[in-house]
Amino acid sequence: MTATCTDAGGTATDAVGVTLTIGLPDGTTATPVVTNPPTATGQYSYDYVTTQAGRHSVRWVFTTPACAHTDVLDVRDAAPPLLFSLASAKKKLDIPASSTADDDELREFVEATTQCVEHFTGPVVPRTVTEVTEGGTERMLLHTTPVLSVTSITGVEPWQLEIPAAALDVDADTGVLRRNDWLVFWPGPYRVVYQAGRRSVSANVSLAGKLILQHLWRTNYGASRGLTGIGGDDSVQVPGLGYAIPNRAMELLQGDRDIGGIA
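So, here's what we can say about the structure. (Residues numbered from 1 in each chain as written. Predicted model: local features only at pLDDT ≥ 70, side-chain atom pairs only at ≥ 80, totals over all residues. Heavy atoms only, no water.)

Quick look at the sheet that holds strand β12 (residues 189–196)
By way of backbone hydrogen bonds, the strands of a sheet pair with one another, either parallel or antiparallel. Strand order across the open sheet formed by 3 strands is β7-β12-β9, with antiparallel pairing between neighbours. Every interior strand has two partners, whereas the edge strands, β7 (127–134) and β9 (147–155), have only one. Between one strand axis and the next, the sheet turns by 25° as a mean value, whatever way the strands run. (Pairing = 2+ DSSP bridges. Helix = DSSP H or I, 4+ residues; strand = E, 2+ residues; numbered from the N terminus. Axes fitted to C-alpha atoms, helices over the stretch in contact; angles between N-to-C directions.)

A short note on the packing of helix α2 (residues 103–121) against helix α3 (residues 203–221)
In the contact formed by α2 and α3, the axes pass within 9 Å of each other and the chain directions differ by 130°. One element, α2, and the other, α3, form an angle in the oblique class. For the pair α2 and α3, the sense of crossing is right-handed. Residues E105, L106, F109, V110, T113, C116 and V117 of α2 form the contact with α3, whose own contacting residues are V205, G209, I212, L213, L216, W217, N220 and Y221. (Parallel < 35°, antiparallel > 145°, perpendicular 65-115°, else oblique. Left-handed = near helix turned anticlockwise from the far one by under 90°. Contact = heavy atoms within 4.5 Å.)

What about α3?
Compared with an ideal rise of 1.5 Å per residue, which puts 19 residues at 27 Å, α3 spans 27 Å between its outermost C-alpha atoms and is within 8% of the ideal. Every buried residue belonging to α3 is among V205, S206, A208, G209, L211, I212, L213, Q214, H215, L216, W217 and Y221, and all of these are buried. (Expected span 1.5 Å × (residues − 1). Buried < 20%, exposed > 50% of the residue type's maximum accessible area, 1.4 Å probe, protein only.)

Brief notes about unusual backbone geometry
With an omega dihedral of 5°, the bond running from T64 to P65 counts as a cis peptide bond. In this structure, P65 sits in the loop between β5 (54–63) and β6 (67–75). The peptide bond linking T145 to P146 adopts the cis configuration, its omega dihedral lying at 0°. Mapped onto the elements, P146 comes out in the loop between β8 (139–141) and β9. Although it is not a glycine, T64 adopts a positive phi angle of roughly 50°. Checked against the element boundaries, T64 lands in the loop between β5 and β6.

Remarks on α2
Between its first and last C-alpha, α2 extends 27 Å over 19 residues, near the 27 Å set by a 1.5 Å rise per residue. For α2, the set of buried residues is D103, L106, F109, V110, T113, T114, C116, V117, E118, F120 and T121. The first or second residue beyond α2 is G122, which carries a positive phi of 80°.

Digging into the pattern of salt bridges
Applying the stated criterion to the full structure yields 8 salt bridges. Its salt-bridge partner being R127, residue E118 comes within 2.8 Å of it at the nearest N-O pair. A relative accessible area of 14% means that E118 is categorised as buried. Looking at R127, the relative accessible area reads 23%, which means it is partly exposed. A salt bridge links R198 to D256; the shortest N-O distance between them is 2.8 Å. Here R198 is found in the loop between β12 and α3, whereas its partner D256 is found in the segment after α4 (247–253), with 58 residues between them in sequence. The two residues R198 and D256 agree in class, both being buried. Look at the salt bridges and you will find they share partners, linking R76, E108 and E111 into a network. (Salt bridge = Lys/Arg side-chain N within 4 Å of Asp/Glu carboxyl O.)

Notes on the layout of surface pockets
The volume enclosed by the largest pocket comes to roughly 180 Å³. When residues of the lining of the largest pocket are assigned to their parent elements, the largest contribution, 5 residues, is made by α2. A class-by-class count of the residues in the lining of the largest pocket yields 6 nonpolar, 1 polar and 6 charged. (1 Å grid on protein atoms, 1.4 Å probe; cavity = no way out; pocket = protein on both sides within 12 Å on 5 of 7 lines; lining within 4 Å. Points joined across faces, edges and corners; volume = space filled by probe spheres on them. Nonpolar A, V, L, I, M, F, W, Y, C, P; charged D, E, K, R; others polar.)

Here we look at the side chain of T133
With respect to the secondary-structure elements, T133 resides in strand β7. For T133, the contacting residues outside a window of four places in its chain are M140, L141, G188, P189, Y190 and V192.

Considerations on the sheet that holds strand β3 (residues 29–30)
Pairing within the open sheet is antiparallel, and its 4 strands lie in the order β3-β2-β5-β6. The open sheet has two edge strands, β3 and β6, and neither has a second partner. Strand direction decides the pairing type here: strand β2 (residues 17–23) and β5, joined by 7 bridges, are antiparallel. Within the sheet, the bridge partner assigned to T21 lies in β5 and is R59.

Considerations on a nonpolar patch on the surface
On the surface, L161, L183 and W186 cluster together to form a nonpolar patch covering roughly 280 Å² of accessible area. The topology assignment puts W186 in the loop between β11 (176–179) and β12. (Patch = residues over 30% accessible without salt bridge, like charges linked within 9 Å, V, L, I, M, F, W, Y side chains within 5 Å. Areas by Shrake-Rupley, 256 points an atom, 1.4 Å probe, with all protein chains shown as cover.)

From the geometry alone we can't say anything about function, so treat these as descriptive.
Have a look at this one:
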């Protein structure tokens, strides 16, 4: 994190005092002591080792002269859902495996591509889902499908009876959760923790993702990086995604479209 202290006339000036406040995603703050001298007149920096994923606010306040700056930084999840590997992305874009200059940016493109695909198919990459649903019925509907397994179901209210995991049966495709002991779910809200996604990625879904990646990369850098040979630029306007999705990718995903919350 860097900041420049300037006087009233806008000239970079060393400050007598400096306070750095970092707002963390969980609502707490960190106020590390900035002890390092400026690298140049009025130029301050601090290396902060992040411990949480999410948006961080940054506030620099200087005294004598009075000066302040606000900034933000985003920390990504350590293990975001990724439809395919960095190596696969490079191969699709004809980037040599030995070339690493674009690796960080390319990882962001793969993550964005995964979200685009899952917008249509529902979860592909397995992940843990937690949701609260009401009891008092013979069955519950889990909203994120396909469901791989149910990890636990616990009552939100202290008076609710525990339901053993062995008494649960879930339909993977529809997300319908039933009891197999001839009983109903007791009234009240339940917190259900389960795994959703697919145990394997079908070829059409993987290829559709790579076509989307190819399209996005070419749209951003085609002419400047000589990528005119990596594929066409046909796209269709999709509500919520604009022109980010090529027609060819949409056609490949048709058999896996998530219609009405059921994959």
